[in-house]
Amino acid sequence: MEKPTEEAGPFRDPTEVVFDLMTELGHHDLIERPSDHDLKKAHLVTIPQGRKVEDLTSLHRAAAEYLKPSRRKGTARFSDLQSIIDWANRFKGDTSALFAKADMSAPTLTCIADYHAEGAPDPDSSTGDPTARHCHHRAIYDFPMSEEWKAWMGVSGKPLEKDDLGEFIEAQAKDIMDPTPAVLKGSESDDNEPWENRLILTAQKIEGRYGQLTQLLAMSKQFQVFETSDLKVSTNRDTGEAEVQFLNEHKAADGRPLNIPNLIIIAIPVFMGGAPYRMPVRFRYRKMGGSVKFILSIYNPEKAFEAAFKEATTRATEDTALPLFFGTPET
C-alpha cells in the first residue's frame, strides 16, 4: 500500500513574510466624526497597543471649537445705556435677565443673556438640571457720573477759602439757577411747579433762604466778618439761680448784622448725558481766627441719584421686556 504524501505549499521569502506582517501591524483606519455625533456624548475607539481605549471627545470638541464656538461666552462692557439695551435685544432669550447695582460710587447694570430658567432645580436628573444655564454671556453698563456731579460732590461738605470758592463758583456758574418768584416767596401752592414746592419744603425744613448767583459771586470776592461778644445774665426769680451766656454775633464791615442766603439751587445731571436734576445746596461759613471758610453741601444727593437710577433702569426694562433684579448676579 502506497504511503500518502503531503502537498507542500509554495515557498515564501522570509523578507516578504516580515514585510506583510509589519504592514498588517502598521495598518490604521481613518476615524472620522460621525455626522450625527452628539458632542455632549463620549466617542470611544480602541487602538492596537494592548487594545487601549482612547477617548476622542476632547479632540472632537477642540476641532469643533476651532471652526465655531459651541456656546456664547464673554463679557461686553458699554459706556452708554442705549448700547446695553441694543445688546440685550440682540442676544436675549426666554431666560435672559437684568441686574442693577445701585451703588452711588460705582453703579452698574448687567444683562445675562443665558441666565438660569425659572422653576425649582432638579439635581437628581440623569441629564442635568434642565433649568440650569452657564451664565457665561454677559454685558455690563458702568454708569458714567457726569462731570457736574463729580465737581459738586467733590467739594460738598469741605471747607473752602474765599478765593477757592470764587474760582469754583465761576467755573460752575452754568449749574446754578436763580430761584423763581414762587421759590423766593416760600409758600407751597398748587399753582407752583412740583419741583418748586419740593425746594420750598426743603427750605422750610432747614430754615433756609435761597440766594442768587450774583450774591454768591459778590460774597466770594468781598466778604468780611466782624465778631462781637456780649454777656447775657438770666436770673430765675423763684430759685435765685443765675445763668451766664456769652453771645457772639457776626456783623458786616459797616456794623450791621450779617444777612446772607444759606441756600442755592443747582440743576445738574447725575449721569453723563442724563437729564438735569434740581437740588438745593446749603451755603455756610465758619470764622476760624482771622479767616473765613465757606462750605457748600448738597442737600440729600441720594434722592437725586435714586431718581436718576430708577429712570435709567425703568427705561432698560421697558425697552428690553426683561425682568430686573436689584443686586449682583451669581459669579
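Here's a quick rundown of the structure. Along each chain, residues carry numbers from 1 onward, in the same order as the chain's sequence is written. In keeping with the predicted nature of the model, local features appear solely for residues at pLDDT of at least 70, side-chain atom pairs appear and are counted solely at 80 or more, and the whole-chain, interface and lining totals rest on all residues. Only heavy atoms go into the side-chain values, all of them from the structure, while hydrogens and water stay out.

1. So, the pattern of salt bridges
Any Lys or Arg side-chain nitrogen found within 4 Å of a carboxyl oxygen on Asp or Glu counts as a salt bridge. Within the structure shown, the criterion is met by five salt bridges. The partner of Glu147 in a salt bridge is Lys150, with the nearest N and O atoms 3.1 Å apart. Highlighted residues: Glu147 and Lys150, both in helix 4 (residues 147-155), separated by three residues, approximately one helical turn. Here the term buried applies to any residue with accessible area under 20% of the maximum for its type, exposed to any over 50%, and partly exposed to those in between, with areas from a 1.4 Å probe on protein chains only. On the basis of relative accessible area, Glu147 is assigned to the exposed category, the value being 51%. Ionic pairing is found between Asp319 and Arg315, a salt bridge with its closest N-O pair at 3.8 Å. One end of the pair is Asp319 and the other is Arg315, both in helix 9 (residues 301-320) and four residues apart, which spans about a single turn. For Arg315, a relative accessible area of 35% puts it in the partly exposed group. Elements are defined by DSSP. Helices are runs of H or I of four residues or more, strands are runs of E of two residues or more, and each kind is numbered from the N terminus.

2. Side note on the layout of surface pockets
Using a 1 Å grid laid over the protein atoms alone, points where a 1.4 Å probe fits but cannot get out form a cavity; open sets with protein on both sides within 12 Å along at least 5 of 7 lines form a pocket; any residue with an atom within 4 Å of a point counts as lining. Grid points are joined across faces, edges and corners, and a volume is the space filled by probe spheres set on the points. Taken as a whole, the largest pocket encloses approximately 450 Å³ of empty space. Every residue lining the largest pocket is counted, 17 residues in all, and those nearest its centre are Arg198, Arg278, Met279, Pro280 and Lys303. At the level of elements, helix 7 (194-206), strand 12 (276-288) and helix 9 are the ones that each hand at least two residues to the lining of the largest pocket. At seven residues, helix 7 tops the list of elements feeding residues into the lining of the largest pocket. Considering only enclosed or pocket space, the second largest pocket measures out at about 290 Å³ in volume. Considering the residues around the second largest pocket, the lining is formed by 17 residues, among which Leu81, Gly273, Gly274, Ala312 and Arg315 are closest to the centre. In the lining of the second largest pocket, the residues fall into eleven nonpolar, three polar and three charged. Three categories are distinguished: nonpolar for Ala, Val, Leu, Ile, Met, Phe, Trp, Tyr, Cys and Pro, charged for Asp, Glu, Lys and Arg, and polar for the others, with Gly belonging to the last.

3. Examining helix 5 (residues 162-171)
Think of an α-helix as 3.6 residues a turn; residues three or four steps apart then line up on the same face. Within helix 5, the full set of buried residues consists of Leu165, Gly166, Phe168 and Ile169. Seen from one end, helix 5 has its buried residues packed into an arc of 165°, which puts them on one side. Turned more than 90 degrees from where helix 5 packs its buried face, Asp163 and Glu167 sit exposed. This arc is built from the directions going out from the helix axis to the C-beta atoms.

4. So, the sheet that holds strand 5 (residues 108-112)
As a general point, the strands of a sheet are linked pairwise by backbone hydrogen bonds and lie either parallel or antiparallel. A strand pair is defined by DSSP finding two or more bridges across the two strands. Here five strands make up an open sheet; going across it, the order is 3-6-5-4-14 and the pairing mixed. Edge positions in the open sheet fall to strand 3 (74-78) and strand 14 (324-326), since each of these has one partner strand only. Taken over all neighbouring pairs, the strand axes of this sheet differ in orientation by 20° on average, direction set aside. Pairing between strand 5 and strand 6 (residues 137-142): five bridges, direction antiparallel. Note on strand 6: the bridge partner recorded for Cys111 is Ala139. The contact criterion used is simple: two residues touch if any of their non-hydrogen atoms lie within 4.5 Å. Orientation is described by axes fitted as lines to C-alpha atoms, over the contacting stretch for helices, and by angles from 0 to 180 degrees between their N-to-C directions. Sheet strands in contact with helix 3 (residues 81-91) are strand 3, strand 5 and strand 6, and its direction is about 165° off that of strand 6. Where helix 9 meets the sheet, its contacts fall on strand 4 (97-101), strand 5 and strand 14, and the angle it forms with strand 4 comes to roughly 175°.

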